[in-house]
Amino acid sequence: MKLSNYFLPVLKETPADAEIVSHKYMLRAGMISQSSSGIYSWLPLGLKVLKKIENIVREEQDAAGVNEILMPTIQPADIWKESGRYDDYGKEMLRINDRQGREMLYGPTNEEQVTDIFRRAVKSYKELPSHLYHIQWKFRDELRPRFGVMRGREFLMKDAYSFDLDMDSSRTSYNKFFVCYLKTFERLGLKAIPMAADTGPIGGDMSHEFVIISETGESDIYYDKRILELMNVDKNLDYSSDLSEIVVSYQNLYAAADDKYSKDEFSKEVPKEFQSNTKGIEVGHIFNFSSKYSEPMKANVLNSNGKTVPVHMGSYGIGISRLVGAIIESSHDDNGIIWPDAVTPFAIGLINLKIKDPEAVSMCEQIYQTLNKAGIETLYDDKDDSPGAKFSRMDLIGLPKQIIFGKNSVIDKTIEIKDRKTGQTEIINISETISKINNN
Ligand code: P5A
C-alpha cells in the first residue's frame, strides 16, 4: 500500500479526552474515529489489525473443532423472557421496538439465541457434544464507557457455546476452550493468566477470566508468579487428548480476580516471594452454567435410556476489539505502538526520504514491488513530507521493521533497516536484498 493512497489521518496532538496510552495511540495513529460515546468507526489501519486478531481467534477455534456460525445482532425479546434474563439485564440492554411494536434488542451476548438454534436442531445425545461460535458485534449500554475500545458500548466479541449430555463431558468442553484460549493468546503475543472469576449476569459456578497484566487494567488481580512459567502450550496440541492435566496445572496455582479474591487463601497458598498483586485487562472469559438456559428454554435431548434431559452448557468469550487496545497497552514506547509480528497491519514500512529524486523513486518502487510479489505486506511512505515527519509517523504506527531509503541509497545502493522495538539499524545492499527476497 502506498501512503499517498492510504487513508491514515494521524494526529500530532494527543486528544484531550484519551486517558490511557492505547486510546491515545489509536486515535493519533488514525486507527479509529469516535462516532458517539463508546462507539467507534474503524479506519483502514485499525481495521487491518482487528481483522488479523479476528483471524487468529478464528483459526484457533477451527483448530479446536468449533463450528463457525453467524447469529444476528438484533434478537427477539421473547427468548430472553423465556430464559428469565430479560428483566435481569437491566439498563445495559439496548431495547428496540420494530414497526409492529414487537420487542427486540441489540444482543449484549447470545446464550438465548444459540440455545434457540440448538433446541430446534438437536434432539438426541448422539449429536453431542456440539460446539458453535460466532464473531459478531455486541452492544452493552455501559454506565461508564471509557478507555476507547477497551470498554466500549459497541464491541466485537468471539463467543462460543458448548452443549453436552452431562456435567462430566461439559467439563471436557470447558477444558478444551480453556487450553484453546491459552494457545490463542500466546499466538497474539500475550501472556493471559487464567483466573478464577465471578460469573455476573451470565451465571453458573465455574468460570475463568483470562487477564493480561497491565497498569492501566480495570481488574485487580492476585496470583502466584509461578503461573507465568507454565505458559507454553504445544502448537500441535491434540484436542482429542485428555486436557485436564494442563488445566489442573494452572488451577493448582492461585490466581483470582478481585471478586473471587480471598486474602486468607492467598497468603496460605502462595509463599511470600511468589505473591503478586497487580492490575490487569480481561481479554477473555469462560463460563459453565449447566442447565441455566437449557432448562427454562427446554433445550432437551433424549439420553441413551430414552429419557428427556436438559443439555449442559457453557459459553466462552474473547473481546476481539478490546484486544487491539490491550495489545497496544502491552507493547509500546514513548514514540508509539510496537506491533507484535502476528497482528501487525504491515510487516514493513518503506520510507523514501528522496521523493523528489526520480532515480530514488524508481529504486524504491522496485523494492516495493519485490516485497509485494514476495507477499510481504509493505506500507510505502511515498509522501512528500520532511524526514522528521516521516520518521515520527512510522514510529507512531508501529510497524516492526522500517526500511529507510535515504541520501546514500542512490549512490551506495544500500538501505537502512531499523527494528522498531530495539531501534537497532543495519545497512544492507539493495540488490543482494532483492535477490534474497526473490529466492525465498
Ligand atoms: C461469554 C461469551 C460473555 O458475554 N457470553 C458469551 C459470555 N462474557 S463477558 O465476560 O461478558 O464478555 C466476554 C469478553 O468480551 C469483552 N468485553 C468487552 N470488550 C469491550 N467493551 C466492553 N464493554 C466489553 N464487555 C466485555 C471482554 O474481553 C470479555 O472478557
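What counts, and where the lines are drawn
Residues numbered from 1 in each chain as written. Predicted model: local features only at pLDDT ≥ 70, side-chain atom pairs only at ≥ 80, totals over all residues. Heavy atoms only, no water. Pairing = 2+ DSSP bridges. Helix = DSSP H or I, 4+ residues; strand = E, 2+ residues; numbered from the N terminus. Axes fitted to C-alpha atoms, helices over the stretch in contact; angles between N-to-C directions. Contact = heavy atoms within 4.5 Å. Buried < 20%, exposed > 50% of the residue type's maximum accessible area, 1.4 Å probe, protein only. Near = heavy atom within 4 Å. Polar contact = N/O pair within 3.5 Å; in protein donor to acceptor, adjacent residues only side chain to side chain. Areas by Shrake-Rupley, 256 points an atom, 1.4 Å probe, with all protein chains shown as cover. Nonpolar A, V, L, I, M, F, W, Y, C, P; charged D, E, K, R; others polar.

### Quick word on the sheet that holds strand β6 (residues 103-106)
Think of a sheet as strands paired side by side through backbone hydrogen bonds, with each pair either parallel or antiparallel.
Reasoning step 1: Spatial ordering of the open sheet is given by β4-β6-β5, a layout of three strands whose pairing is antiparallel. One side of each edge strand has no neighbouring strand; the edge strands of this open sheet are β4 (74-76) and β5 (94-97). The sheet shows a mean angle of 35° between the axes of neighbouring strands, taken without regard to direction.
Reasoning step 2: Taken together, the three bridges between β4 and β6 define a ladder with antiparallel strand orientation. Bridge pairing in β6 links Q75 to L105.

### Comments concerning the sheet that holds strand β23 (residues 425-429)
Reasoning step 1: Taken in spatial order, the five strands make up an open sheet running β20-β19-β21-β22-β23, and their pairing is mixed. A single partner strand is all that each edge strand has here, and the edge strands are β20 (378-381) and β23. The average angle at which neighbouring strand axes cross in this sheet is 25°, direction not considered.
Reasoning step 2: Here five bridges tie strand β22 (residues 414-419) to β23, and the two strands are oriented antiparallel to one another. The residue bridging I415 from the neighbouring strand is I428, located in β23.
Reasoning step 3: Helix α12 (residues 387-397) rests against β19 (348-352), β20, β21 (401-405) and β22 of the sheet, and its axis sits at about 175° to β19.
Reasoning step 4: Strands in contact with helix α14 (residues 430-439) are β21, β22 and β23; relative to β23, the strand with the most contacts, it is inclined by about 85°.

### Thoughts on helix α10 (residues 320-330)
Reasoning step 1: Burial within α10 is extensive, with nine of its eleven residues counted as buried.
Reasoning step 2: Regarding α10, the residues found buried are I320, S321, L323, V324, G325, A326, I327, I328 and E329.

### Concerning the site of the ligand
Reasoning step 1: By nearness alone, 23 residues border the ligand, and T109, E111, R140, G152 and E282 come closest of all.
Reasoning step 2: One nitrogen or oxygen atom from the main chain of G152 is found 2.8 Å from a nitrogen atom belonging to the ligand.
Reasoning step 3: Here an oxygen atom of the ligand sits 3.4 Å away from a polar atom, N or O, in the main chain of V283.
Reasoning step 4: Relative to its unbound accessible surface of 600 Å², the ligand loses 95% to contact with the protein.
Reasoning step 5: The greatest single-element share of the shell around the ligand, amounting to five residues, is contributed by strand β13 (residues 275-290).
Reasoning step 6: Across the shell around the ligand, the residue classes break down as nine nonpolar, seven polar and seven charged.

### As for the pairing of strand β8 (residues 154-164)
Reasoning step 1: Burial runs high along β8: ten of the eleven residues are buried.
Reasoning step 2: Where strand β7 (residues 130-139) and β8 come together, ten bridges link them in antiparallel fashion. Its bridge partner being in β8, L132 is matched across the sheet by Y161.
Reasoning step 3: Pairing of β8 with strand β16 (residues 312-319) involves eight bridges; the strand directions are antiparallel. Considered in β16, the bridge of M157 is made with G319.

By themselves these figures say nothing about function.
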